[in-house]
Number of protein chains: 2
Amino acid sequence: MADCEKAKIQEQIKAQGEIVRLLKKDKADKDKISEEVAKLLALKAQLGDNGTKQKFVLKTPKGTRDYNPAQMAIREDAMNTIKACFRRHGAETIETPVFELKETLTGKYGEDSKLIYDLADQGGEILSLRYDLTVPFARYVAMNKISNIKRYHIAKVYRRDNPAMTRGRYREFYQCDFDIAGQYDCMLPDAECVKIVAEILESLKIGNFVIKLNHRKILDGMFAACGVPEDKFRSICSAVDKLDKTFWDDVRMEMVDEKGLAPDCADLIGTYVRLSGGKDLIEQLKQDERLSKNKLVMQGLDEMKLLLRYCDLYGVLDKVSFDLSLARGLDYYTGVIYEAVLKGTPASEAKANGESVGVGSVAGGGRYDNLVGMFDAKGRNVPCVGVSIGIERVFSIMEAQVNMKATRTTDTQVYVASAQKNLVEERLKLCNELWNADLKTEQSYKEKPKLLVQLQYCEEHGIPLAVVIGESEIEKGIVKLRNVATRKEREVPREKMIEEIRLELQQLSS
Amino acid sequence: MADCEKAKIQEQIKAQGEIVRLLKKDKADKDKISEEVAKLLALKAQLGDNGTKQKFVLKTPKGTRDYNPAQMAIREDAMNTIKACFRRHGAETIETPVFELKETLTGKYGEDSKLIYDLADQGGEILSLRYDLTVPFARYVAMNKISNIKRYHIAKVYRRDNPAMTRGRYREFYQCDFDIAGQYDCMLPDAECVKIVAEILESLKIGNFVIKLNHRKILDGMFAACGVPEDKFRSICSAVDKLDKTFWDDVRMEMVDEKGLAPDCADLIGTYVRLSGGKDLIEQLKQDERLSKNKLVMQGLDEMKLLLRYCDLYGVLDKVSFDLSLARGLDYYTGVIYEAVLKGTPASEAKANGESVGVGSVAGGGRYDNLVGMFDAKGRNVPCVGVSIGIERVFSIMEAQVNMKATRTTDTQVYVASAQKNLVEERLKLCNELWNADLKTEQSYKEKPKLLVQLQYCEEHGIPLAVVIGESEIEKGIVKLRNVATRKEREVPREKMIEEIRLELQQLSS
């Protein structure tokens, strides 16, 4: 490296060091600090052989996290609950690659497209990480010329969003999606999606919730009736979508100042988007002088009425609310949209505290009838409706609910312990027998472990039984079977060991 | 767009069109053709508003695939078998992000580093997709200052390798890893890894297999004894690793011509790397005049002897073979290495046919005692040993074994059918009852489905029971319970429906 270049980097290191120093002094956000420290170390690394050992920051990428075994135990528990519900409704599962051709994702996400992760161009195809599971699903349906399918897909998606990890918002996060594709009758698949959201949130036991419902036809018709130019529908829609996070005044400002909507037009929208209710609201809007003239609105209201009827038959009417402020940001929705929100901090309070009320959002979805057609050469459509469970937020809530330290992370049933030295070979033989009998078994990886250490391991890890052997047990052809919780031991003939363990496990679990 | 620029692109389109035409004429590899077609369409898209509708290629990225529901059913079956084995051995599970800081992966994979997928630099950190689960595991252990853990991790990894999809080699593929980290006694964790490979391959029922064993200390000591300069150990090791795919002559050529090894030194290595056997081979090598002078070799042979003893106690001695040709390409191994290979086409035959014998490889792993230390600021090490199941190859074999069309992809137990029109609301009520009773239930999404169509659906999808209702059943307060296979129907009081269904399902499953 030329000396002048070295000097330049050293200058940069000095400046970056100052940034880090200030951040630390200000007790800034930890993520921010480690990001800047990473830049500093990267600069230092450029100097290479400058005498100091090359260091690096030990962290996961911004907005991502590892799950430790206790977190995994909770996560798998929640996922199994969700999966069981999907399968109870007759769904099958598919899987798609984590990245897609970039052009597959282009033009599907509106303003959110900037959040897509691209892969480096290393020769060959241009790829991006999937942003959701819906677009890959539509690509799959079109590519395989499928006319109907009911599938779930549980996998990670990627968004270069501003992470808020304490509130469960990450850049890499799981989605649990359920979708019904096919030419079916009005609201029948849609109502089942709402039912599924209700079933899942109830069985996860994470608190009271409400499923907000709206309809893109009602929104679009309302925009038209309020005088929004058609080319502004989607951008005004995405402004309305922010109503769960910000006050109407801010949304109005975005509409007027940023998106160039006429002020009185925005005010008209404001009178509608703050309405919510049930069947009564539908009737009220049907009588509304302005809206009743719009065909799209009337059609949407009729469909919403049918949806509420089906929700009633599915026993979830008390869980839903027709809410005109619900817009959902994505471009591809064409019909019913919904979003489940946990009831907790009232929205107004959270907004006043500068918190995102969206934290309460734990599921969402809707109808997207034209997405598959975007992937078909002849534009053939397969109507779809689906729901996505915001599982990361569910985890955050569940993690806060349980005692992480008391969560068992293994299934081990039996521990093979030895009372004297030189019994490692006997232990291996016993373990082999137990594994071959499909008993979940562990032992020490030390040749000469202390008995106390072995028994302590059992108690600390919640292992119910221990098989203990010593010289005398081997001579007598027996093993000691120890109940770890009661610390009671009894002698069991070696050839009856498996049988006796099965019996005792059965008793313990009953 | 300026006219000159347009003309330039049109030139490129012409040239690219010619490439595609020639490939099609030559009936080239399909993947290659669609790759070039994609480039052509991307060029055409640049012209934008040139009158034609923008088209795109409908495909998954090169080297990746979707899994359809039947494939998923097989896949989940295999994964559950593997997971059950890991848990039988007392393992817990963790999860790490799909991408890591690029520097985390740097310097871990030797010559294979060129296969790492990088993410585009979109501002912020420089990231790469994980290449395996081992390096992220080591990063996790170091970052969380863990002194011992036994964990499994089942997830996708990414390698920009030349795909051979018919043989189950993909760019995106699952790995099922089990690792034991901690300061333990010699060969105890290592032998358990070998035992686990044997258990898994036996329970997957994909054919006979052999687990090849070797030791990096034996390899390195042998290289030293044969006069390989120390700085060439890793590159010569990676040449030896190719012995399962190519003949010795080619490997020798790589050593001499590409890697600059002295010819007689290569010949000496050749006499050793073609040896394989059991305890006898260990004794033979201990007597070998050249090798017996090397401390590293002798230490490795002693450890190998102990490993074989433990394999004997674990009942898997007949499944293992001490094989000096086994080298494994990765830099980070420091002790025992192993690889499970399906016995099928003899290696020599496959090589002569130009096939990769590596197709037979279905699991591999080894000891890596220094990897965690590479992530610790003070270089503190946590010794590790692990195994990775090559699950994609397992799938390929299983897919070829089963009748994909006969594979059931849903769990649905009951179908609610109606005999007349206008019963949609009754069906919804029944479904609601059944779902609430945790019975896996489906119905038609048509308002007025034909009875025949509904019953046909049950037969085609292997649904065992149908609940059939008509006007008269509703009047009488009953439902008809139909056994789909026998087509026998019986009347059941509506209030006893759930009970009767449970009973009949129990009978059917016994």
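What counts and how
- Residues numbered from 1 in each chain as written.
- Chains lettered and ligands numbered in written order.
- Predicted model: local features only at pLDDT ≥ 70, side-chain atom pairs only at ≥ 80, totals over all residues.
- Heavy atoms only, no water.
- Helix = DSSP H or I, 4+ residues; strand = E, 2+ residues; numbered from the N terminus.
- Buried < 20%, exposed > 50% of the residue type's maximum accessible area, 1.4 Å probe, protein only.
- Contact = heavy atoms within 4.5 Å.
- Areas by Shrake-Rupley, 256 points an atom, 1.4 Å probe, with all protein chains shown as cover.
- Lys, Arg positive; Asp, Glu negative; His and termini not counted.
- Charge placed at Lys NZ, Arg CZ, Asp CG, Glu CD.
- Pairing = 2+ DSSP bridges.
- Least-squares fit on C-alpha atoms with pLDDT ≥ 70 in both.
- Axes fitted to C-alpha atoms, helices over the stretch in contact; angles between N-to-C directions.
- Left-handed = near helix turned anticlockwise from the far one by under 90°.
- Nonpolar A, V, L, I, M, F, W, Y, C, P; charged D, E, K, R; others polar.
- Salt bridge = Lys/Arg side-chain N within 4 Å of Asp/Glu carboxyl O.
- Domains from an automatic or database assignment.

**Some words on the overall build of chain A**
Argument step 1. The helix and strand inventory of chain A stands at 18 helices and 16 strands.
Argument step 2. Across the 510 residues in chain A, those meeting the buried criterion constitute 55%.
Argument step 3. Residue pairs at least 24 apart in sequence account for 69% of intrachain contacts in chain A once pairs closer than 6 positions are excluded.
Argument step 4. Carbon and sulfur atoms form 49% of the exposed surface of chain A, whose accessible area is close to 22,300 Å².
Argument step 5. Where the 79 positive side-chain charges of chain A centre and where its 79 negative ones centre are 3 Å apart.

**Brief notes about the pairing of strand E11 (residues 384-389) of chain B**
Residue and element names in this part refer to chain B.
Argument step 1. Of all 6 residues in E11, 6 are buried; the element is thus mostly enclosed.
Argument step 2. The alternating pattern of E11 places Cys-384, Gly-386 and Ser-388 and Val-385, Val-387 and Ile-389 on opposite faces, both of which are buried.
Argument step 3. In this sheet, E11 lies alongside strand E5 (residues 172-181) in antiparallel orientation, the contact comprising 6 bridges. Of the residues in E11, the one forming a bridge with Ile-180 is Val-385.

**What to know about the relation of the copies chain B and chain A**
Both copies of the chain are related by a screw-like operation: a rotation about an axis and a shift along it.
Argument step 1. Between the two copies, chain B and chain A, the superposition gives an RMSD of 0.3 Å; the rotation angle is 180° and the shift along the axis is 0.0 Å. What the superposition gives is, in effect, a two-fold axis relating one chain to the other.
Argument step 2. Counting the interface residues of chain B, we find that 99% of their copies in chain A are interface residues as well, pointing to one common contact surface.

**A look at the packing of helix H3 (residues 69-88) of chain B against helix H6 (residues 188-204) of chain B**
All names here are of chain B.
Argument step 1. Their axes nearest at 10 Å, the elements H3 and H6 cross at an angle of 150°. In this structure, H3 crosses over H6, and the sense of that crossing is right-handed. Across the interface between the two elements, Ala-78, Thr-81, Ile-82, Cys-85, Phe-86 and Arg-88 from H3 touch Ile-196, Glu-199, Ile-200, Ser-203 and Leu-204 from H6.
Argument step 2. Split into classes, the residues belonging to the contact of H3 with H6 amount to 7 nonpolar, 2 polar and 2 charged.

**Things to note about the pattern of salt bridges**
Pairing is possible between side chains of opposite charge, provided their charged atoms come close.
Argument step 1. Scanning all chains against the criterion turns up 82 salt bridges over all chains.
Argument step 2. Arg139(B) serves as the salt-bridge partner of Asp66(A), at 2.6 Å between the closest nitrogen and oxygen. With Asp66(A) in the loop between helix H2 (30-46) and helix H3 (69-88) and Arg139(B) in helix H5 (residues 134-143), the pair connects residues from two separate chains.
Argument step 3. Overall, the relative accessible area of 11% leaves Asp66(A) in the buried class.
Argument step 4. A salt bridge links Arg490(A) to Glu500(A), with the nearest nitrogen and oxygen atoms 3.0 Å apart. Here Glu500(A) lies in helix H18 (residues 497-509) and Arg490(A) lies in strand E16 (residues 489-493), a separation of 10 residues in the sequence.

**A closer look at the domain arrangement of chain A**
Argument step 1. Considered domain by domain, chain A is made up of domain 1 (3-46), domain 2 (69-401) and domain 3 (414-509).
Argument step 2. Using only C-alpha atoms to locate each centre, domain 2 of chain A and domain 3 of chain A end up separated by 53 Å.

**Considering the environment of Leu133(B)**
Residue and element names in this part refer to chain B.
Argument step 1. Topologically, Leu-133 is positioned in the loop between strand E3 (127-129) and H5.
Argument step 2. Classification of Leu-133 by relative accessible area gives buried; the value is 0%.
Argument step 3. Separated by 148 residues in the primary sequence, Leu-133 and Leu-281 place their C-alpha atoms 33 Å from one another.
Argument step 4. Here Leu-133 is in contact with Arg-151, His-153, Ala-155, Val-157, Gln-175 and Asp-177, once residues within four sequence places are set aside.

**Structural notes on the sheet that holds strand E10 (residues 361-367) of chain A**
All names here are of chain A.
Argument step 1. With respect to topology, 9 strands assemble into an open sheet ordered E1-E4-E5-E11-E10-E9-E6-E8-E7, the strand pairing being mixed. One side of each edge strand has no neighbouring strand; the edge strands of this open sheet are strand E1 (92-93) and strand E7 (276-277).
Argument step 2. In this structure, strand E6 (residues 209-215) lies alongside strand E8 (residues 320-323), joined through 3 bridges in parallel fashion. Paired with Lys-212 across the two strands is Ser-321, which belongs to E8.
Argument step 3. Sheet strands touched by helix H5 (residues 134-143): strand E4 (149-158), strand E5 (172-181) and strand E11 (384-389). Its angle to E4, the strand with the most contacts, is close to 135°.

**Section: the sheet that holds strand E12 (residues 414-418) of chain B**
Two pairing modes exist for strands in a sheet, parallel and antiparallel, and in both the strands are linked by backbone hydrogen bonds.
Residues and elements named next belong to chain B.
Argument step 1. With mixed pairing, 5 strands are arranged side by side in an open sheet as E13-E12-E14-E15-E16. With partners counted over all chains shown, the strands left at the sheet margins are strand E13 (441-443) and strand E16 (489-493), one partner each. Recorded for the sheet is a direction-independent mean angle of 30° between the axes of neighbouring strands.
Argument step 2. When E12 meets strand E14 (residues 465-469), the two strands line up parallel, connected through 5 bridges. Pairing of Tyr-415 across the sheet is with Ala-466, part of E14.

**Regarding the pairing of strand E9 (residues 336-342) of chain B**
Residues and elements named next belong to chain B.
Argument step 1. Burial analysis of E9 places 7 of its 7 residues in the buried class, which makes it a mostly covered element.
Argument step 2. Covered by surrounding structure in E9 are Val-336, Tyr-338, Ala-340 and Leu-342 together with Ile-337, Glu-339 and Val-341, the residues of both alternating faces.
Argument step 3. Relative to strand E10 (residues 361-367), E9 runs antiparallel, the two being bridged by 5 bridges. For Ile-337, the partnering residue across the bridge sits in E10 and is Gly-366.

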